[in-house]
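# What the coordinates show
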Amino acid sequence: MEKHPSYGALSPYLPKYPKAAGALFQTYNDLKLAQQWTDLEIVELPGCSRCALCGRRPNTTELLSVVPCSLAESLSTDWIRTTFQELGGPPHVYLAINTEDSSIVYYKISPGIVKPPL
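Below or above, wherever it landed, is the structure these notes cover. (Residues numbered from 1 in each chain as written. Predicted model: local features only at pLDDT ≥ 70, side-chain atom pairs only at ≥ 80, totals over all residues. Heavy atoms only, no water.)

### A word on unusual backbone geometry
We count it as follows: Secondary structure counts use DSSP, requiring at least four H or I residues in a row for a helix and at least two E residues in a row for a strand, with both numbered from the N terminus. Only protein chains enter the accessibility calculation, which uses a 1.4 Å probe; a residue is then buried when its area is under 20% of its type maximum, exposed when over 50%, and partly exposed in between.
Phi at S49 is positive, roughly 55°, even though this residue is not glycine. Inspection of the secondary structure puts S49 in the loop between β1 (38-45) and β2 (50-56). A positive phi angle is found at N59, which is not glycine, with a value near 60°. With respect to the helices and strands, N59 occurs in the loop between β2 and β3 (64-70). What makes N59 exposed here is its relative accessible area of 84%.

### Some remarks on the nonpolar core
Rules: Here, nonpolar core refers to any group of buried Ala, Val, Leu, Ile, Met, Phe, Trp, Tyr and Cys residues whose side-chain atoms link them within 4.5 Å.
If you look at the biggest cluster of nonpolar residues, it comprises 18 residues, and the most contacted ones within it are L10, L24, I42, L53 and V66. Breaking this core down by element, the ones donating at least two residues are α2 (21-34), β1, β2, β3 and β4 (93-98). For this core, the element with the most residues is α2, which contributes five residues. Of all hydrophobic cores here, the second largest spans twelve residues; its members include C54, F84, L87 and L95.

### Looking at the environment of Q36
Short version of the rule: Whether two residues are in contact is decided by their heavy atoms: any pair within 4.5 Å suffices.
Tracing the backbone shows Q36 in the loop between α2 and β1. Overall, Q36 belongs to the exposed group, its relative accessible area being 52%. Placed 22 residues apart in sequence, Q36 and P58 show a C-alpha to C-alpha distance of 6.4 Å. Beyond its immediate stretch of four places on either side in the chain, Q36 contacts L31 and P58.

### Regarding the pairing of β1
Working note: regular strand, side chains alternate between the two faces of the sheet. The condition is simple: By the convention used here, strands pair only if DSSP detects at least 2 bridges between them.
Bridging between β1 and β2 involves six bridges; their strand directions are antiparallel. Bridge pairing in β2 links L45 to R50. Here β1 folds back onto β2 in antiparallel fashion, the turn holding four residues, of which S49 has a positive phi close to 55°.

### Focus: the side chain of N29
Here N29 lies in helix α2. For N29, the residues in contact, after removing those within four places along its chain, are H4, S6 and A34.

### Here we look at helix α3 (residues 77-86)
Going by this rule: The arc in question is the one traced by the directions running from the helix axis out to the C-beta atoms.
Burial in α3 covers these residues: W79, T83 and F84. The buried residues of α3 occupy one face: seen down the axis, they fall within an arc of 140°. The exposed set on the far side of α3, more than 90 degrees from its buried face, consists of T77 and Q85. Of the surrounding elements, those touching the buried residues of α3 are β1, β2, β3, β4 and β5 (104-109).

### Structural notes on the pattern of salt bridges
Cut-off, in case you're wondering: Here, a salt bridge means any side-chain nitrogen of Lys or Arg that lies within 4 Å of a carboxyl oxygen of Asp or Glu.
Evaluated as defined, the whole model comprises four salt bridges. As a salt-bridge pair, K16 and E44 come within 3.0 Å of each other at their nearest N and O atoms. Taken together, the residues K16 in the loop between α1 (7-10) and α2 and E44 in strand β1 connect sequence positions 28 residues apart. Salt-bridge contacts for R81 lead to D78; the nearest nitrogen and oxygen are separated by 2.5 Å.

Shape descriptors only; they carry no functional weight alone.
And the structure:
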C-alpha cells in the first residue's frame with residue numbers, strides 16, 4: 001500500500017483510523033481513479049472514528065460526501081446522525097460499503113424520511 005501513488009494523500013489518516021483504513025484506501029482510489037471525481041478532499045470524522053471524502057463527480061458542481069465503511073461493520077442510527085453533523089448537515093451522504101473482494105456499493109442516505117422519486 002505504501003508504494004501506491006495515492007498513499008501520500010492518505011498516509012496521515014490510515015494509521016489514525018486503522019479499522020477504516022482499508023475502506024478509505026479503496027474508496028479514495030475508486031473515486032479518484034475509476035470515477036474521476038474532482039476536488040477530492042479527505043475530511044476527518046472523529047466521532048465516527050474514520051474519514052469521509054468530499055468531491056465532485058465529473059462535469060458537475062455539486063459537492064458530494066462519501067463515507068467509506070466495511071460490509072462487516074455494524075452501523076447505528078446514532079452513527080449516521082453523527083456523520084451528518086460532522087459533515088455540516090449535507091442534504092445526503094453516500095455510504096461506500098466495501099467488501100473483501102474490493103467491490104464497492106454506494107448507498108445514498110438522507111436525513112429523516114424521504115419519499116423515493118417516481
